[in-house]
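# Understanding the architecture of this molecule
As a plain string of letters, each chain reads:
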Amino acid sequence: MYDIGVAAMSASRTTILSPSLNVLHTRCLHQGSVRSFASFCSTQLGRPKVSRPETAVTRSFQQRRHESSSHKANEQQPPLPPSRLLLRALRQGLTLRPILSAFRGQSLRSLFRQSPEELVLAIILLCATAGVSVYVAYAYFNYFQSRQFTRFPPQIAKSLRRALYYSNYSPDPKLALKYYKLALEQCSQAGLDPFSDEVLGIRIQLAAWFEKIGSYKSSTEVLEALLRDCRKWVEVMEKSVREGLVDNHGRLAGETNPQRSATAEDNESETPVIPENLWAKRTRILGKSVGISVKLGELYSDEHVLQGDSAGERLVWAVETVLKELQRRQVEGVREGEGDWMTPEQIGGALEALGNHYESKSQHYLAAPLFLQAISLSPPNSCHTAVLMNNLAISLAQQPVQTPPDSSQGSQPGGPDVATRPTRSTMLASARSWALQAQATAQKVHGEDRTDECDEACAVALCNLGDIAAMAGDVEEAKRKFKESLTLSKRIAFEPGTTQAEEGLKRLSTKP
């Protein structure tokens with residue numbers, strides 16, 4: 001057997017060395033000799049022969065078996081949840097792999113040489129897309145996930161987001177009103193306190209939205225209903241105090257810490273919340289009532305409403321409530337947990353609102369004391385203090401020397417107090433003093449405290465000085481002040497100051 005194999009191999013070698021003309025023939029001989037040798041070896045060694053059809057059948061069976069097993073494995077995998085599918089789709093959509101693959105193997109210099117315009121445009125679009133994505137993410141987490149929404153239950157927060165969306169971003173009054181009402185209904189169903197800051201804030205926001213879209217009647221109706229509810233709660237609470245149903249700790253008599261369950265939940269957080277007793281709640285609701293009443297006074301005085309009597313009633317009630325509460329605290333003292341009353345700026349705002357109302361009705365003798373009291377409560381280095389001084393100056397200059405009989409407290413004309421009444425020159429001198437003080441106050445405010453209100457206050461003070469000089473008969477001084485005010489108003493683009501100064505110069509030019 002060895003000799004035959006050697007002979008076959010030697011024969012094959014001899015055929016390979018045959019001339020090139022017989023290459024095809026010799027290759028066939030070579031393949032035939034190899035096949036004969038392989039078949040001989042398999043015959044001698046006793047290996048089973050496997051035909052080609054059987055081999056193909058075996059391979060196809062194994063392939064089908066592999067495919068069937070793979071199909072079973074795929075069928076056994078559970079389907080992915082929709083959230084996983086959405087995240088996968090977003091990941092595939094936001095991937096930068098196509099962009100990176102486009103730059104792979106090439107430098108920016110070579111790409112710029114090939115197509116500079118397209119490269120610059122692609123970089124600009126990429127940067128713009130990245131900036132928009134960052135802004136959208138920031139706006140989402142900074143606004144829609146802010147404290148004003150997360151302090152509500154999820155369903156109420158969802159309705160409020162939609163209400164604000166249809167109020168500010170995609171204005172649709174019908175849908176906005178629908179979701180505002182839905183949020184209030186959900187607050188009632190969830191058992192939230194109707195006098196909590198959260199629920200009161202929704203109602204105040206609804207009134208502000210009505211005012212924004214020009215529905216002043218609806219805005220006043222919402223605020224009037226809210227004011228009635230707050231005043232009713234305060235009246236019931238004060239009646240309970242008089243009847244002895246509220247103890248010194250601000251809880252109902254016989255009640256042991258009614259907010260214990262709420263504080264137990266709050267203790268889980270890092271900053272424990274002090275429970276609010278009835279006295280603290282009264283302070284908060286009464287302060288809200290004063291603010292709502294002042295806002296109603298401003299709405300009733302608006303040119304779109306013009307209900308002066310209603311405005312006066314609301315503003316007078318607000319100022320009287322503020323003063324009565326201050327007096328009660330001075331006499332009875334501050335109760336346990338009652339907290340501070342309104343800040344001086346807030347009290348001054350209520351006084352100023354009532355003063356503006358009296359001034360609009362030319363009742364300057366009533367407006368001047370209110371402006372004076374508001375100035376005493378306003379910070380000395382404030383632009384708004386200069387505005388109040390201007391209001392006081394013009395009120396003093398325009399009020400009559402002889403006050404109306406109803407304003408005098410029991411004094412009769414010709415009585416002993418006639419000699420002490422101010423004269424016209426005294427009133428003008430006092431008005432000029434306050435106007436100069438307003439100008440000086442506005443000029444000395446610097447840094448972050450200085451606003452556009454300071455420059456406007458300076459322009460108004462110059463106009464007031466011109467009017468006062470004209471009332472006193474000093475025409476040259478009046479012209480000089482009006483010109484200074486006109487120059488300053490044009491420089492700061494203050495249109496009301498420009499108009500007032502031009503009208504003052506026109507009046508002086510027409511005088512004989």
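Just so you know, these numbers come straight off a predicted model, no measurement behind them.

### Focus: the side chain of His364
On the secondary structure map, His364 appears in helix H17 (residues 364–377). Residue classification places His364 among the buried positions, given a relative accessible area of 7%. Ignoring anything within four residues of it in the chain, the contact list for His364 reads Glu359, Ser395, Gln398 and Gln399.

### Description of the confidence of the model for the protein
Here the protein averages 75 in pLDDT, and 66% of its residues register 70 or above. Confidence over residues 406–416 falls short of pLDDT 50; this stretch has 8 contacts with residues more than four positions distant or in other chains.

### Re the side chain of Ser219
Inspection of the secondary structure assignment puts Ser219 in helix H12 (residues 216–242). Not counting chain neighbours up to four residues away, the residues in contact with Ser219 comprise Ala207, Phe210, Glu211 and Leu299.

### Looking at a nonpolar patch on the surface
A surface patch of nonpolar side chains, about 330 Å² in accessible area, is lined by Val132, Tyr135 and Val136. Mapped onto the elements, Tyr135 comes out in helix H7 (residues 116–144). Here Tyr135 falls in the exposed class, since its relative accessible area comes to 59%.

### Notes on the packing of aromatic side chains
One pass over the full model with this rule turns up 6 aromatic pairs. Seen in terms of ring centroids, Tyr180 and Trp209 are 5.8 Å apart; in terms of plane orientation they differ by 45°. Their pairing is tilted. Of this pair, Tyr180 sits in helix H10 (residues 173–189) while Trp209 sits in helix H11 (residues 197–212); the two residues are 29 residues apart in sequence, bridging distant segments of the chain. Each member of the pair, Tyr180 as well as Trp209, is classed as buried. With 6.3 Å between their ring centres and 50° between their planes, Phe195 and Trp233 make a pair best called tilted. Placement of the pair is Phe195 in the loop between H10 and H11 and Trp233 in helix H12, with a sequence separation of 38 residues. Across the pair, exposure class does not vary: Phe195 and Trp233 are buried alike. Counting every residue linked through ring pairs, the aromatic cluster contains Tyr165, Tyr166, Tyr169 and Tyr179.

### Quick word on the environment of Gly333
The residue Gly333 is located in the loop between helix H15 (308–332) and helix H16 (344–360) in this model. Sequence-distant contacts of Gly333, defined by excluding residues within four places in its chain, comprise Arg328 and Glu338.

What counts and how
Residues numbered from 1 in each chain as written. Predicted model: local features only at pLDDT ≥ 70, side-chain atom pairs only at ≥ 80, totals over all residues. Heavy atoms only, no water. Helix = DSSP H or I, 4+ residues; strand = E, 2+ residues; numbered from the N terminus. Buried < 20%, exposed > 50% of the residue type's maximum accessible area, 1.4 Å probe, protein only. Contact = heavy atoms within 4.5 Å. pLDDT = per-residue confidence, 0-100. Patch = residues over 30% accessible without salt bridge, like charges linked within 9 Å, V, L, I, M, F, W, Y side chains within 5 Å. Areas by Shrake-Rupley, 256 points an atom, 1.4 Å probe, with all protein chains shown as cover. Salt bridge = Lys/Arg side-chain N within 4 Å of Asp/Glu carboxyl O. Phe/Tyr/Trp six-rings, centres within 6.5 Å; stacked < 30°, edge-to-face > 60°.

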